[in-house]
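The residues making up each chain are set out below.
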Amino acid sequence: MILSLSCRSYGIGLKLPATSAEVDEALSKLREGLESAAPIRISGVLGDVYNLSKYIQHANPASADDLPMLNQLAGMVDRMSVQEQRVLAGALDTESINGLGDVVRVAANLDQYECIEGITTDKELGGWLVEHRVPGLNFPAEVRPYLDYAAIGAEYYANHGGAYTPHGYVKRKENAQIQAVGDKPTFALTLASSFCDAYRLDLPAADSELGQAKSALQLGDLEGAMIDEIDIGYSWAHLLPKEGFTVEDANTLAQYVRTMSKTELRTFGAALEAEEPGTFSDAVAIAVDLEDYELVDDNEAAYGYAALQKAGATDEVLELLEDCLDFEKLGRTQMDADGLRTTSYGLIRCPGTSGHRQEPGYNPEMGGMNL
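Attention here is on the structure that accompanies the text.

Basis of the calculations
- Residues numbered from 1 in each chain as written.
- Predicted model: local features only at pLDDT ≥ 70, side-chain atom pairs only at ≥ 80, totals over all residues.
- Heavy atoms only, no water.
- Helix = DSSP H or I, 4+ residues; strand = E, 2+ residues; numbered from the N terminus.
- Buried < 20%, exposed > 50% of the residue type's maximum accessible area, 1.4 Å probe, protein only.
- Areas by Shrake-Rupley, 256 points an atom, 1.4 Å probe, with all protein chains shown as cover.
- Phe/Tyr/Trp six-rings, centres within 6.5 Å; stacked < 30°, edge-to-face > 60°.
- Pairing = 2+ DSSP bridges.
- Axes fitted to C-alpha atoms, helices over the stretch in contact; angles between N-to-C directions.
- Contact = heavy atoms within 4.5 Å.
- Expected span 1.5 Å × (residues − 1).
- Core = buried A, V, L, I, M, F, W, Y, C linked by side-chain atoms within 4.5 Å.
- Salt bridge = Lys/Arg side-chain N within 4 Å of Asp/Glu carboxyl O.
- Parallel < 35°, antiparallel > 145°, perpendicular 65-115°, else oblique.
- Nonpolar A, V, L, I, M, F, W, Y, C, P; charged D, E, K, R; others polar.

## A few points about the overall build of the protein
Here comes step 1: For the protein, the helix and strand inventory stands at 15 helices and 12 strands.
Here comes step 2: Here the protein, with 371 residues, has 44% of them falling under the buried criterion.
Here comes step 3: For the protein, the exposed area adds up to about 19400 Å²; of that, 48% sits on carbon and sulfur atoms.

## Some details on the packing of aromatic side chains
Here comes step 1: Taken as a whole, this structure holds 6 aromatic pairs when the rule is applied.
Here comes step 2: Judged by centre distance (5.2 Å) and plane angle (15°), the ring pair of Tyr157 and Tyr164 falls under stacked.
Here comes step 3: When its relative accessible area of 28% is taken as the criterion, Tyr157 is described as partly exposed.
Here comes step 4: With a relative accessible area of 23%, Tyr164 lands in the partly exposed category.
Here comes step 5: A centroid spacing of 6.0 Å and a plane angle of 40° characterise the contact between Tyr157 and Tyr169, whose relative ring orientation is tilted. A residue pair is termed long-range when its members are at least 10 positions apart, and Tyr157 in helix α7 (residues 149-160) and Tyr169 in strand β6 (residues 168-172) qualify at 12 residues.
Here comes step 6: Ring-pair connections join several aromatic residues into one group, and the members of that group are Tyr157, Tyr164 and Tyr169.

## Brief notes about the sheet that holds strand β7 (residues 187-192)
Here comes step 1: Here we have 3 strands laid out as an open sheet, ordered β8-β7-β9, and antiparallel in their pairing. Edge positions in the open sheet fall to β8 (199-202) and β9 (226-232), since each of these has one partner strand only. Looking at each pair of strands side by side, their axes are set apart by 20° on average, direction ignored.
Here comes step 2: Pairing of β7 with β9 involves 6 bridges; the strand directions are antiparallel. Counted as the bridge partner of Leu189 is Ile230 from β9.
Here comes step 3: Along the sheet, helix α9 (residues 207-217) makes contact with β7 and β8, crossing β8 at roughly 170°.
Here comes step 4: Contacts from helix α10 (residues 247-258) reach β7, β8 and β9 within the one sheet, and its direction differs from that of β7 by about 165°.

## A look at α10
Here comes step 1: The terminal C-alpha atoms of α10 lie 16 Å apart, and with 12 residues this matches the ideal 16 Å at 1.5 Å per residue to within 8%.
Here comes step 2: Counting buried positions over the 12 residues of α10 gives 10, a clear majority of the element.
Here comes step 3: When α10 is considered as a whole, its buried residues turn out to be Val247, Asp249, Ala250, Asn251, Leu253, Ala254, Gln255, Tyr256, Val257 and Arg258.

## A closer look at the nonpolar core
Here comes step 1: Judged by nonpolar contacts, the single largest core of 83 residues is most densely connected at Ile56, Leu73 and Trp236.
Here comes step 2: Here this core takes 7 residues from helix α3 (residues 66-79), the largest share from any one element.
Here comes step 3: Not counting the four nearest positions on each side in its chain, Ile56 is found in contact with Leu3, Ile42, Val45, Leu70, Leu73, Leu100 and Val103.
Here comes step 4: One finds Ile116, Leu125, Leu137 and Tyr169 within the second-largest nonpolar core, a separate group that totals 11 residues.

## Brief notes about helix α11 (residues 262-275)
Here comes step 1: The end-to-end C-alpha distance of α11, which contains 14 residues, comes to 20 Å, matching closely the 20 Å that a straight helix rising 1.5 Å per residue would cover.
Here comes step 2: Within α11, the full set of buried residues consists of Leu265, Thr267, Phe268, Gly269, Ala270, Ala271, Leu272 and Ala274.
Here comes step 3: Elements in contact with the buried residues of α11: α10, α12 (280-288), β10 (294-296), β11 (340-343) and β12 (346-349).
Here comes step 4: In the stretch just after α11, Glu276 is the one whose phi turns positive, near 50°.

## Examining the sheet that holds strand β4 (residues 113-117)
Here comes step 1: Spatially, the 3 strands line up as an open sheet ordered β4-β6-β5, and their pairing is antiparallel. Bordering the open sheet on either side are β4 and β5 (163-165), each of which pairs with just one other strand. Geometrically, the sheet is characterised by an average inter-axis angle of 25° between neighbouring strands, direction not taken into account.
Here comes step 2: Where β4 meets β6, 5 bridges bridge the pair, whose relative direction is antiparallel. Paired with Glu117 across the bridge in β6 is Gly168.
Here comes step 3: Contacts from α7 reach β5 and β6, with the element oriented near 35° to β6.

## Some remarks on the pattern of salt bridges
Here comes step 1: The final tally for this structure, using the stated rule, is 10 salt bridges.
Here comes step 2: For Lys29, the salt bridge is made with Glu25, and the minimal N-O distance between the two is 3.8 Å. Of this pair, Lys29 and Glu25 both sit in helix α1 (residues 20-30), 4 residues apart, which is roughly one turn of that helix.
Here comes step 3: Between Arg172 and Glu95 there is a salt bridge, with its nearest N and O atoms 2.8 Å apart. With Arg172 in strand β6 and Glu95 in the loop between α4 (82-94) and α5 (100-108), this residue pair connects regions lying 77 residues apart in the sequence.
Here comes step 4: With relative accessibility at 29%, the residue Arg172 sits in the partly exposed group.

## Description of the packing of helix α6 (residues 122-131) against α7
Between two packed helices, both the angle of their axes relative to each other and the distance between the axes serve to describe the pair.
Here comes step 1: Running from N to C, α6 and α7 point in directions that differ by 90°, and their axes come no closer than 6 Å. The angle between α6 and α7 places the two elements in the roughly perpendicular class. Counting all contacts with α6, which are made through Asp122, Lys123, Leu125, Gly126, Gly127, Leu129 and Val130, the residues of α7 involved are Tyr149, Ala150, Ile152, Gly153, Ala154, Tyr156 and Tyr157.
Here comes step 2: Of the residues belonging to the contact of α6 with α7, the class tally is 9 nonpolar, 3 polar and 2 charged.

Everything listed is a geometric property; what it means functionally is a separate question.
Below, the structure is given as structure tokens:
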């Protein structure tokens, strides 16, 4: 995903995901010859989410809070097909978006929306509803020429919401929340207050859903809610610390978890096991910085074998050593040198465990393999 950044009459492109150093470099180029305090805004986004810039224009790529979410959003958008990007554009117009977090939430739950292609007006929607015999709109063929299709479409739109886009009508699927929860492991809290014994809150939750929880619990802020039960259906749930657990942090973690691939979920579990975070916010920080962790699938013997190959050993040399060298011991030694940790999810390289993110077999002090 490429952002268009503007400052006064100048502009520059910024490709995301990006590191903070890359953002600083882009902003420095943009501000050359201008006052250092000149405001910079996101003026455009390259791609088929034609309205995305409208919803993220106030985000600050230089912010330590906004950059991770912008990078996360960029990763999701880049993986989307053109059709999915068009659905996202409509979904954003469908929902109440109050910040970058809401944009990420909608993008992470795109399976809750559907697009009726080619339907861009109330009249076209009304005709489609009648033609497809939507319940309650089953009219005999002889009366259809006299129907007010625009009124039918407008009534449906008013009751179901959604948004017209240049490519079609986008709306929430029926029972979308139930479908989404059924398709993925649970991530929910049971909250209570002196006014309400139990309120189940499925995460990630939109601002409107958080507002409903506050109303049901009769609380001005969910920080005052008692957390009676934590229901997280992932294999690494037991590795999450309870210290400092808050509804806000749980919602943030759920937003990240819902966008993770199977490999990323496994990586997160391995990172939790290796790092042993002391507080829940520390666990959230691991999810935010997950790209800094790397799973290594090789076993010890394979890692030792690969180390020799990286050191320049030919197939002939490896064949000679096969029966007289302990590849597993060599692999363990090199794993220690490369800063790998063993977890029940596999081997993982954590940030800060080694001075270099080197390839297997590289010894920075020796300039090569140290045998």
